[in-house]
Amino acid sequence: MHLIPIPAFADNYIWLIHDGQDALVVDPGDAQPVLDTLQSLGLQLKNILVTHHHADHVGGVALLRERTQAQVTGPAGEDIPQPATGVGAGDQVQALGLNFSVMDVPGHTAGHIAFYCEAFEGAPLLFCGDTLFSGGCGRLFEGTPAQMLHSLDQFAALPGNTRVCCTHEYTLSNLRFARAVEPGNEALAHYQSQCEALRAQGQPTLPSTISTELAINPFLRSRQASVVQAMQAREAAADEVAVFAALRGWKNVF
Ligand code: ZN
Ligand code: FE
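All of these numbers come straight from a predicted model, not from anything done at the bench.

K.L.:
Provide a residue-level description of the side chain of His52, including the pertinent values.
P.N.:
With respect to the element layout, His52 can be found in the loop between strand S4 (44–49) and helix H2 (55–58). Within the structure, the side chain of His52 is placed 3.3 Å from the side chain of His54, a separation counted as a polar contact. Only 3.2 Å separates the side chain of His52 from the side chain of His112, close enough to count as a polar contact.

This is the structure in C-alpha cells:
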C-alpha cells in the first residue's frame, strides 16, 4: 500500500492510497491532477472519500466519478455532489481492503467528518480534512469554538503514531503563529527548522503525527499552562473554551 499527497491549487493536497492496481482519493478538489496520477501509475480509482462540502475538496468529484465510476462516501450532514453514501460518527467504510472509522468533527463546517484507519502499513492513518493542520486548525466557518475544541480532543486521543493527512500546506505560516504563542517551546523551534528545510526542497511537511502535533500545535495545547498564560496576557479568558476561542481569534488576525 502506498500513500501519496497530490498537490492541487496553491496549497491543497489530495491524498491518494493505492496498492499498485486500485486507488482511493480523499477530498479531490480538482480532477485533473488525480487523473494524471492515475494514468501515470496505471491505477483504477475505486473510492472517493469526502470530509466536507467546500469546493476545494469536492470540485473534482463529478468528473472523477464520470471517468472512473468510483464510489463516493462523504458526510451525511452536508451538501456534497450526489450520488454519495452519507456517513457519520461510528460508521465504518471499507475501501481497498482497508477499514475506516468515521468521526464527526464539526467546527470548520457543521457536518465535517474525518476518516481514521487503525491499521495502514503498520501505523494508524487519519484523514482530517480542514479540521487539523500541522501547527494549526481550520477556521470556524460554521461551528463554535466549543465544537472545534471537542473535535480536536478526539484527534488528541488517537495513538501518537497516527499519521495525520491534512489537506493544506499551511505548516510554515501556522508555525510562525505557534512561535508567537509559545516562544519557549523548544520542540516547536526544532520542528519549524525541519519544516523550513523540507519546504526549501519543495517537499511536503505532511503527513504529520499526533504526537508531533501534541508537542507543537497550540490548538492541541490550549490547556497547557504556557498557552493559557499567553492568552490571559492578551485578554481575560474565563474557561478552556474561552482560551481556545481567543487563540483562534488571534490566529485569524495574525
Ligand atoms: Zn474547507
Ligand atoms: Fe480546504
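K.L.:
Would you mind going over the coordination of the zinc ion (ligand 1) in detail, with residue names and values included?
P.N.:
Protein-derived ligands of the zinc ion (ligand 1) are His52 (NE2), His54 (ND1), His108 (NE2) and Asp130 (OD), with the metal-ligand distances lying across 2.2 to 2.3 Å. Bound by four donor atoms, the zinc ion (ligand 1) shows angles of 85 to 171 degrees at the metal and therefore irregular coordination geometry. A separation of 3.2 Å is found between the zinc ion (ligand 1) and the iron ion (ligand 2), which are bridged by Asp130. Residue His52 shares its accessibility class with His54, and that shared class is buried.

K.L.:
Outline the sheet that holds strand S7 (residues 92–95), listing residues and values.
P.N.:
If you trace the six strands from one edge of the open sheet to the other, you get S7-S8-S9-S10-S13-S14, paired in mixed fashion. Sheet topology places S7 and strand S14 (208–209) at the edges, where each strand pairs with a single neighbour. Alignment of strand S8 (residues 98–104) against strand S9 (residues 113–120), held across five bridges, turns out to be antiparallel. Its bridge partner lying in S9, Met103 is registered against Ala114. Contacts from helix H4 (residues 145–156) reach S8, S9 and strand S10 (123–129), with the element oriented near 150 degrees to S8.

K.L.:
I'd like a rundown of the coordination of the iron ion (ligand 2), residues and numbers included.
P.N.:
Asp56 (OD), His57 (NE2), Asp130 (OD) and His168 (NE2) make up the full set of protein donors to the iron ion (ligand 2), lying at 2.1 to 2.3 Å. Along the chain, the residues donating to the iron ion (ligand 2) are arranged with the sequence spacing D-H-x72-D-x37-H.

K.L.:
If you had to explain the packing of helix H1 (residues 32–41) against helix H3 (residues 61–68) to someone new, which residues and values would you point to?
P.N.:
Two elements in contact, H1 and H3, have axes separated by 9 Å at closest approach and are oriented at 30 degrees. The angle between H1 and H3 falls in the class roughly parallel. Facing Val34, Leu35 and Leu38 of H1, the residues of H3 in contact are Leu63, Leu64, Arg67 and Thr68. Residue classes in the contact of H1 with H3 are distributed as five nonpolar, one polar and one charged.

K.L.:
So what's going on with the sheet that holds strand S3 (residues 22–26)? Residues and values would help.
P.N.:
Two modes of strand pairing occur in sheets, parallel and antiparallel, and in both the strands are linked by backbone hydrogen bonds. Overall, mixed pairing links the six strands, which are arranged S1-S2-S3-S4-S5-S6 in an open sheet. Each edge of the open sheet is held by one strand with a lone partner, namely strand S1 (2–8) and strand S6 (85–87). Strand-to-strand twist in this sheet, taken as the mean axis angle between neighbours without regard to direction, amounts to 25 degrees. In this structure, S1 lies alongside strand S2 (residues 12–18), joined through seven bridges in antiparallel fashion. In the strand pairing of S2, Pro7 is matched with Tyr13.

K.L.:
Explain the layout of surface pockets to me, and be specific about the residues and the numbers.
P.N.:
If a probe the size of a water molecule is rolled over the atoms, the empty space left behind becomes visible. In this structure, the largest pocket occupies an estimated 170 Å³ of space. Around the largest pocket, the lining is made up of 13 residues, and of these Phe133, Cys137, Gly138, Arg139 and Tyr170 lie nearest the centre. For the lining of the largest pocket, the secondary-structure elements that each account for two or more residues are helix H5 (171–181) and helix H9 (240–253). Looking at the lining of the largest pocket, its residues break down into four nonpolar, five polar and four charged.

K.L.:
Please give an account of the environment of Gln192 that cites residues and values.
P.N.:
Position of Gln192 among the secondary structure elements: in helix H6 (residues 186–200). When the C-alpha atoms of Gln192 and Ser101 are compared, they prove to be 31 Å apart, with 91 residues separating the residues in sequence. For Gln192, the contacting residues outside a window of four places in its chain are Leu175, Arg176 and Arg179.

K.L.:
Break down H5 for me, with residues and values.
P.N.:
Among all positions of H5, only Thr171, Asn174, Leu175, Phe177, Ala178 and Val181 are buried. All buried residues of H5 lie within an arc of 160 degrees about the axis, which places them on one face of the element. The inward-facing, buried residues of H5 contact strand S11 (132–133), strand S12 (136–137), H6, helix H7 (210–216), helix H8 (225–232) and H9.

K.L.:
A description of the packing of aromatic side chains should follow, citing residues and the corresponding values.
P.N.:
Throughout the structure, instances matching the rule amount to eight aromatic pairs. Judged by centre distance (5.2 Å) and plane angle (75 degrees), the ring pair of Phe177 and Trp250 falls under edge-to-face. Residue Phe177 is found in helix H5, and its partner Trp250 is found in helix H9; the two are separated by 73 residues along the sequence. The same class applies to Phe177 as to Trp250, namely buried. An angle of 75 degrees between the planes, with centres 5.8 Å apart, marks the rings of Phe219 and Phe244 as edge-to-face.

Here is what the cut-offs are and how they apply
- Residues numbered from 1 in each chain as written.
- Chains lettered and ligands numbered in written order.
- Predicted model: local features only at pLDDT ≥ 70, side-chain atom pairs only at ≥ 80, totals over all residues.
- Heavy atoms only, no water.
- Helix = DSSP H or I, 4+ residues; strand = E, 2+ residues; numbered from the N terminus.
- Polar contact = N/O pair within 3.5 Å; in protein donor to acceptor, adjacent residues only side chain to side chain.
- Donors = N, O, S within 2.8 Å, 3.2 Å for Na, K, Ca; no water.
- Tetrahedral: all angles 85-135°; square planar, octahedral: opposite > 155°, others 65-115°.
- Buried < 20%, exposed > 50% of the residue type's maximum accessible area, 1.4 Å probe, protein only.
- Pairing = 2+ DSSP bridges.
- Contact = heavy atoms within 4.5 Å.
- Axes fitted to C-alpha atoms, helices over the stretch in contact; angles between N-to-C directions.
- Parallel < 35°, antiparallel > 145°, perpendicular 65-115°, else oblique.
- Nonpolar A, V, L, I, M, F, W, Y, C, P; charged D, E, K, R; others polar.
- 1 Å grid on protein atoms, 1.4 Å probe; cavity = no way out; pocket = protein on both sides within 12 Å on 5 of 7 lines; lining within 4 Å.
- Points joined across faces, edges and corners; volume = space filled by probe spheres on them.
- Arc of directions from axis to C-beta.
- Phe/Tyr/Trp six-rings, centres within 6.5 Å; stacked < 30°, edge-to-face > 60°.

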